[in-house]
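As a plain string of letters, each chain reads:
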Amino acid sequence: DTAVSQTPKYLVTQMGNDKSIKCEQNLGHDTMYWYKQDSKKFLKIMFSYNNKELIINETVPNRFSPKSPDKAHLNLHINSLELGDSAVYFCASVRGYEQYFGPGTRLTVT
Amino acid sequence: LAKTTQPISMDSYEGQEVNITCSHNNIATNDYITWYQQFPSQGPRFIIQGYKTKVTNEVASLFIPADRKSSTLSLPRVSLSDTAVYYCLVAPPGAGSYQLTFGKGTKLSVIP
């Protein structure tokens, strides 16, 4: 079984649309992160959820919102997509210093 | 936030030992040093973590001097499959109100 899974793997959409990316982990961890990896390959944390509560909210636009229906899931909703949102988005499940990353979702906004 | 600096790229022949150094001059007392490996089109994968001195596992060794202002990831006898980007991350363990940003990493190319 895949430890951390994301869907979809690829997402192509037009500016102004609203989209969601799903993330699920079967590791039983309490903490999950969302990262954005831009074209320059910087990997920057966007959100963190611990026991269903948001504990890190980085300086990301409020068009981005994490939703956690339960401990195993942390979904990312993006409203009014912009060209600059094009990137690869990774979720990670966290235990202490060790992060387990999902395969990533490549988002392309046209 | 402990900013890290790594070489942008390195080349090595198969079978050689590779050492990648990361500088983190403003590391905090409770920060740990963690290294990740990322293959194209995949998420980063944990390699090794340490606080001070030397740590070794089945994949790599991590050397951290007494002042902890740098660390060196050592990969013994690399193979073509070790071609990847290697990131050094300095942060406290567990979740917290820290900005976790991976640097650009070091792109290691292993040559046959």
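Computed from a predicted model, the values in this text were never measured in an experiment. Numbering of residues starts from 1 in every chain and runs along the sequence as written. Chains and ligands are labelled by the order in which they are written, letters from A for the one and numbers from 1 for the other. Local features in this predicted model are restricted to residues whose pLDDT is 70 or higher, and side-chain atom pairs enter the listing and the counts only when it is 80 or higher, whereas totals over whole chains, interfaces and linings include all residues. Based on all heavy atoms of the structure, the side-chain values leave hydrogens and waters out of the count.

### A look at the overall build of chain B
- Helix and strand counts for chain B come out as zero helices and ten strands.
- Helix numbering and strand numbering both begin at the N terminus, where a helix is a DSSP run of H or I of at least 4 residues and a strand a DSSP run of E of at least 2. Secondary structure elements of chain B occur, N-terminal to C-terminal, as β-β-β-β-β-β-β-β-β-β.
- With respect to the principal axes defined by its C-alpha atoms, chain B has extents near 40 × 30 × 25 Å.
- Partly exposed residues are those whose accessible area sits between 20% and 50% of the maximum for their type, while under 20% is buried and over 50% is exposed, using a 1.4 Å probe and protein chains only. Buried residues in chain B amount to 46% of all 112 residues.

### Here we look at the state of the cysteines
- Note on disulfides: each one is a pair of cysteine sulfur atoms within 2.5 Å. For the structure on display, the rule yields two disulfides over all chains.
- One disulfide in the model links Cys 23 of chain A with Cys 91 of chain A; its S-S distance is 1.9 Å. Handedness of the Cys 23 of chain A-Cys 91 of chain A disulfide follows from its S-S torsion of about 75°: it is right-handed. With Cys 23 of chain A in strand E3 (residues 19-25) and Cys 91 of chain A in strand E9 (residues 87-95), this residue pair connects regions lying 68 residues apart in the sequence. The pair formed by Cys 23 of chain A and Cys 91 of chain A is uniform in burial state, with each residue classed as buried.
- Between the sulfur of Cys 22 of chain B and that of Cys 88 of chain B lies a disulfide, 2.2 Å long from S to S. In this structure the cystine formed by Cys 22 of chain B and Cys 88 of chain B twists about its S-S bond by roughly -75°; its chirality is therefore left-handed. Here Cys 22 of chain B, found in strand E2 (residues 18-23), pairs with Cys 88 of chain B, found in strand E8 (residues 84-91); they are 66 residues apart in sequence, far enough to count as distant. Take Cys 22 of chain B and Cys 88 of chain B: they sit in the same class, and that class is buried.

### Considering the pattern of salt bridges
All names here are of chain A.
- Whenever a carboxyl oxygen of Asp or Glu lies within 4 Å of a side-chain nitrogen of Lys or Arg, that contact is scored as a salt bridge. Applying the stated rule across the entire model yields four salt bridges over all chains.
- Here Asp 30 makes a salt bridge to Lys 71, at a shortest N to O gap of 3.1 Å. On the criterion of sequence distance, the pair formed by Asp 30 in the loop between E3 and strand E4 (31-37) and Lys 71 in the loop between strand E7 (64-67) and strand E8 (75-78) is long-range, its members being 41 residues apart.
- In this structure Lys 71 comes out as partly exposed when scored by relative accessible area, which is 38%.

### So, the environment of Ala 72 of chain A
Residue and element names in this part refer to chain A.
- The residue Ala 72 is located in the loop between E7 and E8 in this model.
- With 49 residues separating them in the primary sequence, Ala 72 and Cys 23 have C-alpha atoms 8.2 Å apart.
- With sequence-adjacent residues up to four places away left out, Ala 72 is seen in contact with Cys 23, Glu 24, Gln 25 and Met 32. Between two residues, a contact is recorded if the distance between any of their heavy atoms is within 4.5 Å.

### Considerations on the packing of aromatic side chains
- Classification of ring pairs uses Phe, Tyr and Trp, with its six-membered ring standing for Trp, and accepts pairs whose centres are within 6.5 Å; under 30 degrees between planes counts as stacked, over 60 as edge-to-face, and the remaining range as tilted. One pass over the structure, following the stated rule, counts seven aromatic pairs over all chains.
- Residues Tyr 33 of chain A and Tyr 35 of chain A carry aromatic rings whose centres are separated by 6.1 Å and whose planes lie at 75° to one another, so their mutual orientation is edge-to-face. Tyr 35 of chain A shares its class with Tyr 33 of chain A; the two are buried.
- A cation over an aromatic ring shows up here: Arg 68 of chain B above the ring of Tyr 51 of chain B, its NZ or CZ 3.9 Å from the ring centre. Ring-over charges, as used throughout, are those where CZ of Arg or NZ of Lys falls within 6 Å of the ring centre and within 35 degrees of the ring normal.

### What about the interface of chain A and chain B?
- Listed as interface residues are 24 residues of chain A and, on the opposing side, 23 residues of chain B.
- As a working definition, buried area equals the accessible area (1.4 Å probe) given up by two parts on being put together, with both sides summed. Interface area, chain A with chain B, both sides summed: about 1900 Å², of which 59% is carbon and sulfur.
- Considering only the surface of chain A that becomes buried against chain B, Phe 42, Leu 43 and Tyr 97 of chain A emerge as the three largest contributors, covering 29% of it.
- Where chain A packs against chain B, one counts zero salt bridges.

### Here we look at unusual backbone geometry
- Residue Pro 8 of chain A is reached from Thr 7 of chain A by a cis peptide bond, and omega for that bond is -5°.
- Mapping Pro 8 of chain A onto the fold places it in the loop between strand E1 (4-7) and strand E2 (10-13).
- Located in the positive-phi region is Ser 41 of chain B, a residue other than glycine, with phi close to 65°.
- Within the fold, Ser 41 of chain B resides in the loop between strand E3 (32-38) and strand E4 (45-50).
- A relative accessible area of 55% means that Ser 41 of chain B is categorised as exposed.
- In the Ramachandran plot, Arg 77 of chain B falls in the positive-phi region, its phi being about 45° despite a non-glycine side chain.
- Within the fold, Arg 77 of chain B resides in the loop between strand E7 (70-75) and E8.

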